Protein chains: 2
Amino acid sequence: MGEFELLALLRERLPDAGPQVRLGSGDDAAVTVPGGAVATSVDALVEGVHFRRETASLRQIGRKAMSAALSDLAAMGAAPGEAYVWLGAPEAMDEAELLELGEGLAAVATETGTTIAGGDLTRAPVLSLAVTVTGHAPNADDFVTRGGARPGDALVVSGELGGAAAGLLLLEDPSLAGDDALRARQLDPTPRFAAGQALAAAGATAMIDLSDGLAGDAAHIATASQALLVVDADALPLAPGVAALAAASGRDPLELAAAGGEDYELLAALPPAALGPAQKALAALGTPLTAIGRVEAAAGRPRAELRRRGGEAVPIRGFDQLRPRRPR
Amino acid sequence: MGEFELLALLRERLPDAGPQVRLGSGDDAAVTVPGGAVATSVDALVEGVHFRRETASLRQIGRKAMSAALSDLAAMGAAPGEAYVWLGAPEAMDEAELLELGEGLAAVATETGTTIAGGDLTRAPVLSLAVTVTGHAPNADDFVTRGGARPGDALVVSGELGGAAAGLLLLEDPSLAGDDALRARQLDPTPRFAAGQALAAAGATAMIDLSDGLAGDAAHIATASQALLVVDADALPLAPGVAALAAASGRDPLELAAAGGEDYELLAALPPAALGPAQKALAALGTPLTAIGRVEAAAGRPRAELRRRGGEAVPIRGFDQLRPRRPR
């Protein structure tokens, strides 16, 4: 089968095009009429770097590539739009395998209301996917960036943390016991579109998805907003099973929750008055929303800190650690 | 240097953002307000598949990745817009090398008026680039697809053919003598934005850029338009030096011009009355436009044929070859 026949078969598996799409895959370019503002992001998964074929099926790899890319749009408060996929396939992959991968991509597209409007298929030494995604909003100001957090804002996080890191431990070490739900958090994250749009509507001043991990992603908001983010270590909502797995593997559960990454939950800053309405809106979606800290003025360098409720810093990779002042 | 510092350095090398861009690289997503119709395409270059580091500098690889992607937009008659770049870099590449690559990408962006509005940088086993590009037009109908060619239309091609294939021969076999201009046709193609927009304005009914080669790309128009494309082998405008190199290397110059690919010229179908005005418009841009054939009704399967002026078929890979009918 040639590239063009395979692309045609993949196209048959795609969901119907959304209203903004005037011409889908198969010409020199897709044609859309957005009618408002567009958020665009690109994200890539490479075999041996982001996943291993031994621990993930091709369908799962396709699903995760699409979900991870879409998560960036959810973090803007965008409505889902279109996706454009480059697939780099090693010569040894056959058509059935490529179609399984394509079905994973298409399944998440269908579930989220995303149109796969274009793509490119080439050879590559290892399986590689680059997914460019577009999301929509009536106006550019409707999108929530990383840069608007203000002193006094509450920090909130959707869902639960640490599940993806715990799932990775389970996948990499079969001798560990743990729930399949944790493995699913690693292999099959959910882009939080509805939660992101609800947080944007509630007045979120800054938002990011947790791909690098809470520590690093909080630092991104701190830097973009020129603020100090203080995260309460005692408030972090651990995913079920994370504490037990941390104990069994000799790890700090906070390490999994704050430095592990790939939970693809949303971290947002909200004016205090917006906290209640936002929690109510997310509860209606079935998504927990937990207050985990506050935004303060950055006296010095913008940064994110993790502290116990008593005030002492928690030494988790990625967070700024408060050091005791030495007498001169 | 970490990913984020390197991305910051790359951002410094980017041209100023175009008027549609409200938020560029550095947040979860870029934000644009297109104000009309958008054409989007993705194109990838992978080391060992599409280029070799031995015959192309990093700057040239960056330039070609951007130009090849943009060429698809030129073939829609689009005005240049934004680019989103995924860069997969092997661990051995240092910052200076990545910046050289970035400068190549940014140079073509600047020359064409494209904003590099976002990107992603990850590890990969070999140097890989996936470039998603967007172009603009007031209305979706302003874009020229592959599917509108009608019987009676003239076939035209911009510029000259065979240069890129000849350049590849020169790069791969240093014992061959040939002009650096041919090597440049292979390493540094030019996306034909102005020509594409002029052809669209002149009334082109179908258009494609010559990436696979005239034979294959004419077949794409034939299939999408459900037509027969008859290309006149004696009319093809050979790039200077192609005939001599073909003779020196024992090849048919038509093979280089029609099957070689990567010339990134435009092949378009035009109603006969539009031919003169289109040639005048392209002459004003300094770009030759040559009539190379005609569109006919597809009596059987839609296809493209290459024929001598006398009518006999020319056996070039990719074209349908007319076979003598056998008596039953």
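Structure report, in brief. (Residues numbered from 1 in each chain as written. Chains lettered and ligands numbered in written order. Predicted model: local features only at pLDDT ≥ 70, side-chain atom pairs only at ≥ 80, totals over all residues. Heavy atoms only, no water.)

### Some remarks on the sheet that holds strand β7 (residues 154-158) of chain A
All names here are of chain A.
Then, in step 1: Across the sheet, 6 strands lie side by side as β8-β10-β7-β11-β9-β12; this open sheet has mixed pairing. The open sheet has two edge strands with one neighbour each: β8 (206-209) and β12 (303-307). The average angle at which neighbouring strand axes cross in this sheet is 25 degrees, direction not considered.
Then, in step 2: As paired strands, β7 and strand β11 (residues 289-297) are joined by 5 bridges and run antiparallel to one another. Bridged to Val-156 within β11 is Ala-291.
Then, in step 3: Along the sheet face, helix α7 (residues 214-225) touches β8, β9 (227-232), β10 (266-270), β11 and β12 and points at about 150 degrees away from the line of β8. (Pairing = 2+ DSSP bridges. Helix = DSSP H or I, 4+ residues; strand = E, 2+ residues; numbered from the N terminus. Axes fitted to C-alpha atoms, helices over the stretch in contact; angles between N-to-C directions. Contact = heavy atoms within 4.5 Å.)

### Description of the packing of helix α6 (residues 193-202) of chain A against helix α10 (residues 272-285) of chain A
Residue and element names in this part refer to chain A.
Then, in step 1: The contact between α6 and α10 brings their axes to 9 Å, and the two run at 155 degrees. It follows from the interaxial angle that α6 and α10 lie roughly antiparallel. For the pair α6 and α10, the sense of crossing is right-handed. Contacts from Ala-194, Ala-195, Ala-198, Leu-199 and Ala-202 in α6 reach Ala-274, Ala-278, Ala-281, Leu-282 and Leu-285 in α10. (Parallel < 35°, antiparallel > 145°, perpendicular 65-115°, else oblique. Left-handed = near helix turned anticlockwise from the far one by under 90°.)

### Here's the deal with the pattern of salt bridges
Then, in step 1: Per the stated rule, a full pass over the model turns up 34 salt bridges over all chains.
Then, in step 2: In this structure, A:Arg146 and B:Asp27 form a salt bridge, with 3.8 Å as the shortest nitrogen-oxygen distance. Linking A:Arg146 in the loop between β6 (128-137) and β7 with B:Asp27 in the loop between β1 (21-23) and β2 (30-32), this pair reaches from one chain into another. Just as A:Arg146 is buried, B:Asp27 falls in that class too.
Then, in step 3: The network of salt bridges with shared partners includes A:Asp27, A:Asp28 and B:Arg146. (Salt bridge = Lys/Arg side-chain N within 4 Å of Asp/Glu carboxyl O. Buried < 20%, exposed > 50% of the residue type's maximum accessible area, 1.4 Å probe, protein only.)

### Observations concerning the side chain of B:Arg146
Then, in step 1: Accessibility expressed as a relative area gives 13% for B:Arg146, which makes it buried.
Then, in step 2: A distance of 3.4 Å separates a polar side-chain atom of B:Arg146 from the backbone oxygen of A:Gly26.
Then, in step 3: B:Arg146 has contacts with A:Gly26, A:Asp27, A:Asp28, B:Ala206, B:Met207, B:Ile208, B:His220, B:Ile221, B:Ala224 and B:Ser225, leaving out every residue within four places of it along the chain. (Polar contact = N/O pair within 3.5 Å; in protein donor to acceptor, adjacent residues only side chain to side chain.)

### Regarding the relation of the copies chain A and chain B
Then, in step 1: Least-squares fitting of chain A to chain B yields an RMSD of 0.0 Å, with the transformation described by 0.0 Å of translation along the axis and a rotation of 180 degrees. Each copy turns onto its partner about a two-fold axis. (Least-squares fit on C-alpha atoms with pLDDT ≥ 70 in both.)

### What about α6(A)?
Then, in step 1: Buried residues of α6(A): A:Phe193, A:Ala195, A:Gly196, A:Ala198 and A:Leu199, and no others.
Then, in step 2: Trailing α6(A) by a residue or two, A:Gly203 shows a phi angle of about 105 degrees, which is positive.

### Considering the environment of B:Thr40
Then, in step 1: Within the element layout of this structure, B:Thr40 appears in strand β3 (residues 37-46).
Then, in step 2: Not counting residues up to four positions away in its chain, the partners in contact with B:Thr40 are A:Ala29, A:Ala30, A:Tyr84, B:Leu73, B:Thr132, B:Val133 and B:Thr134.

### Notes on the side chain of B:Ser67
Then, in step 1: Relative to the elements of secondary structure, B:Ser67 occurs in helix α2 (residues 58-74).
Then, in step 2: Among all residues touching B:Ser67, those that are not within four sequence positions of it are B:Val108, B:Pro189 and B:Pro191.

### Let's talk about unusual backbone geometry
All names here are of chain A.
Then, in step 1: Positive phi outside glycine occurs at Gln-226, with the angle close to 55 degrees.
Then, in step 2: Relative to the helices and strands, Gln-226 is located in the loop between α7 and β9.
Then, in step 3: What makes Gln-226 exposed here is its relative accessible area of 54%.
Then, in step 4: The backbone phi angle of Glu-262 is positive, close to 70 degrees, even though this residue is not glycine.

### Some thoughts on the sheet that holds strand β11 (residues 289-297) of chain B
All names here are of chain B.
Then, in step 1: Read from one edge of the open sheet, 6 strands run β8-β10-β7-β11-β9-β12, paired in mixed fashion. Either end of the sheet is taken by a strand with one partner, and the two such strands are β8 (206-209) and β12 (303-307). Ignoring strand direction, the axes of neighbouring strands in this sheet form an average angle of 25 degrees.
Then, in step 2: Running over the sheet, helix α6 (residues 193-202) touches β7 (154-158), β8, β10 (266-270) and β11 and is turned about 10 degrees from β10.

### A word on the interface of chain A and chain B
Then, in step 1: Listed by partner, the interface residues are 50 residues for chain A and 50 residues for chain B.
Then, in step 2: Summed over both partners, the interface of chain A with chain B buries about 3,500 Å², with 64% contributed by carbon and sulfur atoms.
Then, in step 3: At the surface where chain A touches chain B, the tally comes to 4 salt bridges.
Then, in step 4: The interface formed by chain A and chain B contains 15 residue pairs in polar contact (both at pLDDT 80 or more). (Buried area = accessible area lost by both parts, 1.4 Å probe.)

### Overview of α10(A)
Residue and element names in this part refer to chain A.
Then, in step 1: End to end, α10 covers 21 Å across 14 residues, agreeing with the expected 20 Å (1.5 Å per residue, within 8%).
Then, in step 2: For α10, the full list of buried residues reads Ala-274, Leu-275, Ala-278 and Leu-282.
Then, in step 3: In this structure, the buried residues of α10 make contact with β7, α6, β10 and β11.
Then, in step 4: Once α10 finishes, Gly-286 follows within two positions and takes phi at roughly 80 degrees, a positive value. (Expected span 1.5 Å × (residues − 1).)

Read these as spatial facts, not as claims about activity.
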